[in-house]
Amino acid sequence: MADLTAFQSWVAAAAAAVTDQAEHLTDLDRAIGDGDHGTNMARGFGRCAELAGEEQFTGIEAYLKKVGMTLVSTVGGAAGPLYGTFFLRLAAPLGATTDAGPLELAQALRAGAEGVVARGKAEVGDKTMYDALAPAVATFDEATRAGRSLADCLQAAADAAAQGRDATEPLVARKGRASYLGERSAGHVDPGASSAALILQAAADTLA
């Protein structure tokens, strides 16, 4: 079961991961985007990691909402609203939950991914962060229905996200700035899918 402290550990681990990989994420973005994804993500999640030490939160929902709003205001480009929406939508199904298990997290992750679709209008195959999120959510759902532990569900989802990330390399981008490159966007891993995979692995490392 994942309590408030676990979710705060998730955000701290996500911040550490994107900071560690900031140069790599920026290199990926330099090939097909604005060249600032790593810098923006490190700044935004770094700020989110500071929230737990600055404010007393009444529960998981309140904390995740603050994380979402912080990402919207501190991460530049399209990633800020997309990741912000993900965490804001993630928060709602958890409501008054104090300890989230597989069923609660399955609902929350699906809501978060649906928020990304609503905000960015992306589909699987568009070469976006959703190419990592969609298989992660589907795999988490499948593992939950199979009665697997929270740890197993989370790691299965993280593995699926990594596979989704890798599958973006041959794709031609249909959304975002990368879509302006047309066929030239093929042959590059999507930076948004890469950061999404990092964040889901951080969840697997902390929430269980």
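Here the residue numbers are simple positions, counted from 1 along each chain's written sequence. Reporting of local features is limited, given that this is a predicted model, to residues whose pLDDT is at least 70; pairs of side-chain atoms are given and counted only at 80 or more, and all residues count toward the totals for whole chains, interfaces and linings. The basis for every side-chain value is the complete set of non-hydrogen atoms in the structure, without hydrogens or water.

A.B. asks: Can you walk me through the packing of helix α3 (residues 37-49) against helix α6 (residues 79-94) in this structure?
C.D. replies: Between two packed helices, the angle of one axis relative to the other and the distance separating the axes together describe the packing. Put simply, α3 and α6 touch, their axes get as near as 11 Å, and they point 40 degrees apart. With respect to each other, α3 and α6 are oriented oblique. In this structure, the crossing between α3 and α6 has a hand that is right-handed. Here His 37, Met 41 and Phe 45 of α3 come into contact with α6, specifically with Ala 79, Tyr 83 and Phe 87. Classification used: nonpolar for Ala, Val, Leu, Ile, Met, Phe, Trp, Tyr, Cys and Pro, charged for Asp, Glu, Lys and Arg, polar for all others including Gly. Taken together, the residues of the contact of α3 with α6 break down into five nonpolar, one polar and no charged. Note on method: axes are straight lines fitted to C-alpha atoms, helices fitted across the in-contact stretch only, with angles between N-to-C directions ranging 0 to 180 degrees. Helix and strand definitions follow DSSP, with helices as H or I runs of at least four residues and strands as E runs of at least two, each counted in order from the N terminus. Throughout this description, any angle smaller than 35 degrees is read as roughly parallel, any larger than 145 degrees as roughly antiparallel, any in the 65 to 115 degree range as roughly perpendicular, and the remainder as oblique. Less than a right angle of anticlockwise turn of the near helix away from the far helix marks a crossing as left-handed, whereas a clockwise turn marks it as right-handed. Residues are treated as being in contact if the distance between any of their heavy atoms lies within 4.5 Å.

A.B. asks: For this particular structure, what's the right way to read the packing of aromatic side chains?
C.D. replies: Working definition: an aromatic ring pair is given by the centre-to-centre distance plus the angle between the planes. Each Phe, Tyr or Trp ring, with Trp reduced to its six-membered ring, pairs with another whose centre is within 6.5 Å; inter-plane angles below 30 degrees give stacked pairs, above 60 give edge-to-face pairs, and intermediate values give tilted ones. As enumerated under the stated definition, the model contains six aromatic pairs in all. Both rings, one in Phe 7 and one in Trp 10, keep their centres 6.2 Å apart while their planes meet at 55 degrees; by these two values the pair is tilted. Of this pair, Phe 7 and Trp 10 are both found in helix α1 (residues 4-20), three residues apart, which corresponds to roughly one turn of the helix. For the residue pair Phe 7 and Trp 10, the accessibility class agrees, reading buried in each case. Aromatic side chains Phe 45 and Tyr 83 sit 6.0 Å apart centroid to centroid with 85 degrees between the ring planes, which places their arrangement in the edge-to-face category. Of this pair, Phe 45 sits in helix α3 while Tyr 83 sits in helix α6, and the two are 38 residues apart along the sequence. Ring pairs connect the aromatic residues Phe 7, Trp 10, Phe 45, Tyr 83, Phe 86 and Phe 87, which therefore count as one cluster. Per-residue accessibility, obtained with a 1.4 Å probe over protein chains only, is compared with the maximum for each type, and a residue is labelled buried under 20%, exposed over 50%, and partly exposed between these values.

A.B. asks: What is the right way to look at a nonpolar patch on the surface in this model?
C.D. replies: Taken together, the side chains of Met 69, Val 72 and Leu 88 make up a nonpolar region of the molecular surface, amounting to roughly 240 Å² of accessible area. With respect to the helices and strands, the residue Val 72 is situated in helix α5 (residues 60-74). Each patch is built from salt-bridge-free residues with over 30% relative accessible area, joining like charges within 9 Å and nonpolar side chains (Val, Leu, Ile, Met, Phe, Trp, Tyr) within 5 Å. Each accessible area is a Shrake-Rupley result for a 1.4 Å probe, and residues are judged covered by the shown protein chains and nothing else. Any carboxyl oxygen of Asp or Glu that lies within 4 Å of a side-chain nitrogen of Lys or Arg is treated as forming a salt bridge with it.

A.B. asks: Please explain unusual backbone geometry as it appears in this structure.
C.D. replies: Where the residue is not glycine, phi is negative for most of them; where a peptide bond is considered, it is trans in most cases. If you check the backbone angles, Lys 121 has positive phi at about 60 degrees while not being a glycine. Assignment of secondary structure puts Lys 121 in the loop between α7 (102-120) and α8 (130-145). Residue class for Lys 121 comes out exposed when judged on its relative accessible area of 55%. Positive phi values are uncommon outside glycine, yet Lys 127 reaches one of about 70 degrees. Mapped onto the elements of the fold, Lys 127 is located in the loop between α7 and α8. With relative accessibility at 1%, the residue Lys 127 sits in the buried group.

A.B. asks: I'm lost on the environment of Ala 106 in this one. Help?
C.D. replies: Counting through the fold element by element, Ala 106 comes out in helix α7. Separated by 39 residues in the primary sequence, Ala 106 and Arg 145 have C-alpha atoms spaced 9.8 Å apart.

A.B. asks: In this structure, what is going on with the pattern of salt bridges? I would like to understand it.
C.D. replies: Oppositely charged side chains can form a pair if their charged atoms are brought close together. For the structure shown, the criterion picks out eight salt bridges. Note that Arg 110 is salt-bridged to Asp 141, the shortest N-O span being 2.3 Å. Linking Arg 110 in helix α7 with Asp 141 in helix α8, this pair joins segments that are 31 residues apart in sequence. Judged by its relative accessible area of 35%, Arg 110 is partly exposed. Accessibility expressed as a relative area gives 12% for Asp 141, which makes it buried. Put simply, Asp 126 and Arg 174 hold a salt bridge, and the shortest N to O gap is 2.6 Å. Separated by 48 residues along the polypeptide, Asp 126 in the loop between α7 and α8 and Arg 174 in the loop between α9 (150-166) and α10 (191-206) bring together distant segments of the chain.

A.B. asks: Please explain α1 as it appears in this structure.
C.D. replies: Three- or four-residue spacings in an α-helix give side chains the same orientation, since the helix completes a turn every 3.6 residues. A helix's residues, less one, multiplied by 1.5 Å, set its expected span. Under the 1.5 Å per step criterion, the end-to-end length of α1 is 24 Å for 17 residues, consistent within 8% with the ideal 24 Å. Every buried residue belonging to α1 is among Ala 6, Phe 7, Gln 8, Trp 10, Val 11, Ala 14, Ala 15, Ala 17 and Val 18, and all of these are buried.

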